[in-house]
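# Reading the structure
Residues per chain, in single letters:
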There are 2 protein chains.
Amino acid sequence: MANKSVYFFGKGHVEGDKDMKDILGGKGANLAEMAGIGVPVPPGFTVSTEVCSNFAKLGNKIPFEVEEEILINMKKLEEVTQHKFGGEKNPLLVSVRSGAKFSMPGMMDTVLNLGLNDKTLEALAKKSKNRRFALDCYRRLIHMFGDVVLEIPKKKFEEILKKKKKENKIVHDFDLSEKHLEELISDYRSLVKKESGKEFPQDVIEQLLMSISAVFESWNNPRAVTYRRLNYIPDDLGTAVNIQQMVFGNIGKSSATGVGFTRNPATGEKELYGEYLFNSQGEDVVAGIRTPSPLNSLEKEMSASYTELEEITSRLEKHYRDVQDFEFTIQEDKLYMLQTRSGKRTGMAAVKIAVDMVKEGLVDKEEALLMVEPEALNQLLHPVFDSEEKIKHTVLAQGLAASPGAAAGQVVFSADEAVAWKKEGKKVILVREETSPDDIHGMSASQGILTATGGMTSHAAVVGRQMGKPSVVGCGEIKPKEEQKFFLAGKTKVKEGDWISIDGTLGEVLHGQIPTQPSEIIQVVRGEKKPEESKIYQDFTKLLFWADQTKKLKVRANTDTPEDARIALAFGAEGVGLARTEHMFFEKDRLPFIKEMILAETEEERRKALSKLLPFQKKDFYGLFREMRGHPVTIRTLDPPLHEFLPRREDLMVEIAELRASGSKQEGKIRELEKLLERVKALSEFNPMLGHRGCRLGISYPEIIEMQAEAIFEAVCQLAKERQKVFPEIMVPLVGTREELANQKRIIQRVAEKTMNKHKVKVEYSVGTMIEIPRAAITADEIALEAEFFSFGTNDLTQTIYGLSRDDGADFLAYYLAHGIWKNNPFETVDINGVGEIMKLAVEKGRKVKPDLKIGICGVHGGDPRSIFFCHKIGLNYVSCSAYQVPIARLAAAQIVVREKKERAS
Amino acid sequence: MANKSVYFFGKGHVEGDKDMKDILGGKGANLAEMAGIGVPVPPGFTVSTEVCSNFAKLGNKIPFEVEEEILINMKKLEEVTQHKFGGEKNPLLVSVRSGAKFSMPGMMDTVLNLGLNDKTLEALAKKSKNRRFALDCYRRLIHMFGDVVLEIPKKKFEEILKKKKKENKIVHDFDLSEKHLEELISDYRSLVKKESGKEFPQDVIEQLLMSISAVFESWNNPRAVTYRRLNYIPDDLGTAVNIQQMVFGNIGKSSATGVGFTRNPATGEKELYGEYLFNSQGEDVVAGIRTPSPLNSLEKEMSASYTELEEITSRLEKHYRDVQDFEFTIQEDKLYMLQTRSGKRTGMAAVKIAVDMVKEGLVDKEEALLMVEPEALNQLLHPVFDSEEKIKHTVLAQGLAASPGAAAGQVVFSADEAVAWKKEGKKVILVREETSPDDIHGMSASQGILTATGGMTSHAAVVGRQMGKPSVVGCGEIKPKEEQKFFLAGKTKVKEGDWISIDGTLGEVLHGQIPTQPSEIIQVVRGEKKPEESKIYQDFTKLLFWADQTKKLKVRANTDTPEDARIALAFGAEGVGLARTEHMFFEKDRLPFIKEMILAETEEERRKALSKLLPFQKKDFYGLFREMRGHPVTIRTLDPPLHEFLPRREDLMVEIAELRASGSKQEGKIRELEKLLERVKALSEFNPMLGHRGCRLGISYPEIIEMQAEAIFEAVCQLAKERQKVFPEIMVPLVGTREELANQKRIIQRVAEKTMNKHKVKVEYSVGTMIEIPRAAITADEIALEAEFFSFGTNDLTQTIYGLSRDDGADFLAYYLAHGIWKNNPFETVDINGVGEIMKLAVEKGRKVKPDLKIGICGVHGGDPRSIFFCHKIGLNYVSCSAYQVPIARLAAAQIVVREKKERAS
């Protein structure tokens, strides 16, 4: 069936499996898989993701043929379940749920209890012998349908409910009486009529099709679009829609609904971990409206179901070879699984789980490497609170430790405020009663998240972990008054703008701003803690050791100081890919000499100033080389335009104007400032990024490069005499033509020979170039004739290929990303079609001339996993990133090897 | 003979011909050719250009094998001439002259009379029965050898000569007696000894080889290097060296030497044109030391030789199918040709000659098209003096009309001053006794050139014509005192910095600054003169008509105003390739509204300001469309960053600081300025070139593009209703991704449909994009899916591909060009290996998707002939350049077609 759009699952009749995520979405594929391996799953069917884009193309209409297929499958579902949709005896109720290829928790819409109308309500009441339950389902349906399908603000339903509960002094929904529920239903229906102009539909087929349409539409709601942007999910994947027989956790005390993980998603501990609520429907747990009970307490309450749950979830973990995040419902003591998927976890948990599952024989090392998102390793390096400082601060409240790490910030009470305050450079903690998908942008802008309600699998907890933001949730001890912009913690009133600190590892909320200290792994790396005292360090090291055995790319670090080099080496760096000599110039003790050099009017004066800088530079290089113990160290010659070392033009102009206008008598000072201004003006540029910098400086002022080369080789010779290994690579920036590199290379080689001859020392070295402007890439075959290595400077390469300054683009770049003009920020991840295409060309052209040419990358992209995958694919020799990104790069470099192997095998 | 390095010519033994310029140089190839077709040429041989680079590689040494070949050829020369080199009876004297593939007049060195020493001097005296002549030759040899080979400043020789003449009250060199000459020889030899530490060499072979070496070395002297840079001559061509038997124009009254053209190089008139000097050697004429007699006067003086000269040069013109620039010597009534080559001419002469030669049946139309350098057409458009203004000014002096055109400027007396003054933005006229190749940079910086001595073929005249600089030479009525920085013209003293005007068409020097008026062609184009009254206009039009019949590229103009469009059309433009809408915004009556628009705080305010701009823009477009009568008109939407329309940040800062510091009470004004400054600061960018501009603006502020589109289509509809043809092409700038173009295209199409529907009018239009950032070129296949045309913006493309701002690069670019790091200025001529490679890629990718995609270019390169050749080769549909460059582009576009045809034929 070429045009099949709907796939059935249930009771011996399963049309899909877990590998069909592209067309069934994650949820649909896993429901089919579970049904296929005999896990108790309510039967149903999935409308494929392909329908989603056709739906949009038709102006948000379900194609006619698909509608027919849906109705045919409803018939089948009626047969399998022996219930009738809209039936007045044995009514079939269904849920309609979204489910894209990649999980987008809470981003899209769900409608439960479809199939209820005034007639089937009574049938359900009769059949269940529980009119209260039937009414509860009906009021939920109208609420959800009103919100999701009819787009009536859900707040209006909630207000009615709140009022009803308040009037009757009821705390929990399950304490609502039949009468209350009937009144609620009536009020809800009036609301629906008033807001939508129509009655709540009594035709169940109409209910169904409208709900399916609403789910497809929700693919393009703003929060789903934002989520995809943040998570690099393509817009054209589309969502599938799952229609499934309802099972009820809200029939009474022998019913429950819950969610859980096969291992602790925060720590990685092997334990059944999650929450459940008696007498409720699934959304209640996830939404964080009631604080649920921990899953292990279910063992006492419903021991048979708990044992079955343990057995099934353990089977699922083995079957899927990964931690599972599952949803279940117990309907009158009968267990149903509603969902299973790979469980999101913290970086720390990911590392522990990967290493543990290898030990347990569940996965092999290569699989383990794929189980950790490279960027998640960042979380293991996050700072924690300084313990001595922490005891000085009051613990305001205790909540659930939902996402580990330490964060301090000023309190804000809305997502928009969080974004606005962050823009002003402030650090904020977002405090909410509960978070919802509308808060994503604010969570992203915050240091950490604190909520009063919700459990370990609530929205705040899931998203917090995913973003690596320290989060404390379900903190009932605080009472947020979001409108009045304060919260109470016991008797303490914490207002907007006050500082608090939250410990996501322990679930603590503290008053004030607590300084942080390095994480356990950082402490080990710095030698402040012994490796054998840190479990997580051992797991971390083991995983990265497997990565090193697998990866082909070498990983280097961009560091300018011996201190940084030491960290980089401890993190497994195999060299320095970029040492920026100008960073050394900005230090206080050198800046006067740099200025002297720039203001020099003759070459002689300039040389004099340079000779004062020489000993500093030599010391810098000596330290760096010694620390790197013979690993290659790439030193880039002076790069920024000279005016960067001088005061800003407008500041000088204002200072002079003020002195003059105030009738100052300091003629001498004014004249001096004017002289400086003259030089600053002469050096100032309209577009410094495209100006007199890089090798252009070295060509105009060869004496600068001579000094730098002399400093490098003086350091090299000293180390050689001390019998230390050293391998310098000297890198010329901003080369656009072969002649430029040839010019600089001649100078460097001349000084190298002279210096080494003077010291009677012979050390190998090489001279290469940055490939950071398009012309260098395009003429890489010519440039390779001079270059002994290439290093892609993808920052400048991206700026020039896009014609876009990183310093200026921020304004409209945000707009572009938000509006989908650009899918990704090219300054974060290599733009494969544009910049990548040129990189590929440069590699090909360079290697055509020199087949063994060493090629690396030293732009920010060197620490970005997706860019690292690309670098591997085009055959680079190494990536270079910040010291702290070295572990990420090592893991990413290994993952791409495993993936390629898998691709070849399939 | 694979390694043949030396080629003989003379008396039935000729090894080369005119097509061997690559290895024999221009002079050598033409000497061989003339010898081959029986023109009387003194025999000799040529050392090939290939030796030049080997010579340099060996550290300025003639390779041993080549030295041997030279000596073998000297033997042959002795046989052919029946003279002996260094012979004490019948001594052979030779000249050694440089000669590269492309003529570099006066750039390299020459030595005459080699073979003279104390012994051969006497032999020559005896044989010629003219001791004075022999002594004259010997003193010239020592002088030239001392200067060229031994690098003794020639001034020192000249001072000795001057002193000698002054002591003896002698005006002309030929009045020096034998005794004077003997004394001079003795003084020169003492000078040589003193300066070089060695005696003048008596060994004639040593003289010869040293001279050959000196000529090879002169290839790399600074002025030759500069000349090559200015004339785009590659450094690696090398020069050949010609060794030729001496013939003597200085034996007495029946001897002479001269130079000439077969047609007038300034006007193109068909007449034997040139100068000669009795009793002198060649360099005397060219150097401009004595003012020579016009060539036609030779007819009276030496009628037989003159007739022979007429016959030979007319034969040469036919043979070479081009105007010839020749040198000759008459030795005791016997005519020898020493050189012939294609004659350099003014633009006006080139056009006339090309058209005339077709009429005369000497060349066909295609050859004629190649006879005019496209850029030389510029000269025909140069302004001339306003005739009514001119009569108000005193004619200070009359000289030779060496290079036509009118120029006014402040007097300077040295090349360095000329350069320095020009840098300060001043216009200068360089006034010199005579110019030399050392003055090239100063001539290039001047508006015009005035010299006191020298004829129509003197250095100043030749270079002036070539550079298209109005020049008056041989103006004996002025007496420059270069050291004291003034010149006398009769009794008038003109000092440095005074204004003069020179008329290079009439040879007049006038006091003061005379306003100029348009040239004859411009007057016709503007309708101020009738075509039938202008011969040059008719020739010009005829040549360009032939060009249009030949060329494949269409030629458009970049114009923003109806006035410019009219000129462009008159010059043959086939459309407008670029109308910059922002130029319209900068006009005084619109700037307030633009500012209002930019300072608007809400979209509503912004729309209000835009609505005020709409009528202006509509009027602009209406005028432009109407003027272009249905030719395509490409309108680019707003391009520059908004801050360009506001005051500069630093100016505002200074103004505020001054107001504050002076204790001003104008608080209101200060606050207003501060508000403005705030907006300016918010908009200001580190690198505006890479900032928020082009389509990025149109995406952030769609209302701007809407207004522009509305203005365009309102104008279109009005014209359509008036039954006027109109074809708008709307071009989106700075596109880097397909989505950007799609976004802007949607807006434009929506407004277009709406406006045309409103007016019930249907007009065809297209929407395309600039290809001006590398990413657009690299992803041209994606972008072509949206674009209906491409237009290369090679200015920005060059800036981004080089990572080099045109506004900032000037500083080091000059250094780069002077030091040969870059061969050409990529902002003048397309960088074929870098930018060109990317253009080619974009054309290929674009046409892969849309085979008929219209592609043009609208950067400055669209008016550069070599870039136009390239555009033709990669298959562009059109080039667009300034209105005044349209004729250049038409001719260049035709030339490349003729050249390709020739290449295919050969």
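Everything numeric here is computed off the predicted structure, so don't read it as measured data.

About the thresholds
- Residues numbered from 1 in each chain as written.
- Chains lettered and ligands numbered in written order.
- Predicted model: local features only at pLDDT ≥ 70, side-chain atom pairs only at ≥ 80, totals over all residues.
- Heavy atoms only, no water.
- Contact = heavy atoms within 4.5 Å.
- Buried area = accessible area lost by both parts, 1.4 Å probe.
- Salt bridge = Lys/Arg side-chain N within 4 Å of Asp/Glu carboxyl O.
- Helix = DSSP H or I, 4+ residues; strand = E, 2+ residues; numbered from the N terminus.
- Least-squares fit on C-alpha atoms with pLDDT ≥ 70 in both.
- Buried < 20%, exposed > 50% of the residue type's maximum accessible area, 1.4 Å probe, protein only.
- Polar contact = N/O pair within 3.5 Å; in protein donor to acceptor, adjacent residues only side chain to side chain.
- Axes fitted to C-alpha atoms, helices over the stretch in contact; angles between N-to-C directions.
- Left-handed = near helix turned anticlockwise from the far one by under 90°.
- Nonpolar A, V, L, I, M, F, W, Y, C, P; charged D, E, K, R; others polar.
- Pairing = 2+ DSSP bridges.

### Section: the interface of chain A and chain B
Much of the literature gives interface size as the accessible area that the parts lose upon coming together. Facing the 53 residues of chain A at the interface are 52 residues of chain B. Carbon and sulfur atoms make up 59% of the surface buried where chain A meets chain B, a total of about 4,700 Å² over both sides. Of all residues in chain A, Leu690, Arg775 and Asp808 of chain A give up the largest surface area on contact with chain B, accounting jointly for 13% of the area buried on that side. At the boundary of chain A with chain B, the tally comes to four salt bridges. With a closest N to O distance of 2.7 Å, Asp831 of chain B and Arg775 of chain A form a salt bridge. Every element with two or more residues in the side of chain A that touches chain B is listed here: helix H26 (649–661), helix H28 (695–700), helix H30 (738–759), helix H31 (774–778), helix H33 (794–802), helix H34 (810–818) and helix H35 (832–849) of chain A. Per-element tally for the side of chain A that touches chain B: the top contributor is H26 of chain A, with eight residues.

### Quick look at the relation of the copies chain A and chain B
The relation between the two copies of this chain is a rotation about an axis and a shift parallel to it. The two copies are related by a screw motion: chain A maps onto chain B through a turn of 180° and a shift of 0.1 Å along the axis, at an RMSD of 0.2 Å. Accordingly, the operation relating the two chain copies is best matched by a two-fold axis. When C-alpha distances to the rotation axis are compared across chain A, the minimum falls at Asn687 of chain A, with a value of 2.1 Å.

### Points about the side chain of Ser534 of chain B
Residues and elements named next belong to chain B. Summarising the element assignment, Ser534 is placed in the loop between helix H20 (520–525) and helix H21 (535–550). With relative accessibility at 0%, the residue Ser534 sits in the buried group. Within the local environment of Ser534, its side chain forms a polar contact with the side chain of Glu520, the two groups lying 2.6 Å apart. Every residue in contact with Ser534, bar those within four places of it in the chain, is listed here: Glu520 and Val524.

### Thoughts on the packing of helix H29 (residues 702–721) of chain B against helix H30 (residues 738–759) of chain B
Residue and element names in this part refer to chain B. Two elements in contact, H29 and H30, have axes separated by 9 Å at closest approach and are oriented at 35°. Note that H29 runs across H30; the crossing there is right-handed. Each of Pro702, Ile705, Glu706, Ala709, Glu710, Phe713, Glu714, Cys717 and Lys721 in H29 lies in contact with H30, whose residues at this interface are Gln744, Ile747, Ile748, Arg750, Val751, Ala752, Thr755, Met756, Lys758 and His759. Across the contact of H29 with H30, the residue classes break down as 10 nonpolar, three polar and six charged.

### Some points on the pattern of salt bridges
Residue and element names in this part refer to chain A. For the structure shown, the criterion picks out 135 salt bridges over all chains. Put simply, Asp639 and Arg693 hold a salt bridge, and the shortest N to O gap is 3.0 Å. Of this pair, Asp639 sits in the loop between strand E28 (632–636) and H26 while Arg693 sits in the loop between helix H27 (667–683) and H28, and the two are 54 residues apart along the sequence. Side by side, Asp639 and Arg693 carry an identical accessibility label, which is buried. Arg648 serves as the salt-bridge partner of Glu650, at 3.7 Å between the closest nitrogen and oxygen. One continuous salt-bridge network, built from bridges that share partners, spans Asp136, Arg139, Arg140, Lys165 and Asp173.

### As for the sheet that holds strand E14 (residues 395–398) of chain B
Residues and elements named next belong to chain B. Here we have eight strands laid out as an open sheet, ordered E14-E24-E23-E16-E17-E18-E19-E15, and mixed in their pairing. Strands at the two margins of the open sheet, each flanked by one partner only, are E14 and strand E15 (400–403). Strand-to-strand, the axes of this sheet are offset by a mean angle of 30°, without reference to chain direction. Looking at chain direction, strand E16 (residues 406–412) and strand E17 (residues 428–432) are connected through three bridges and run parallel.

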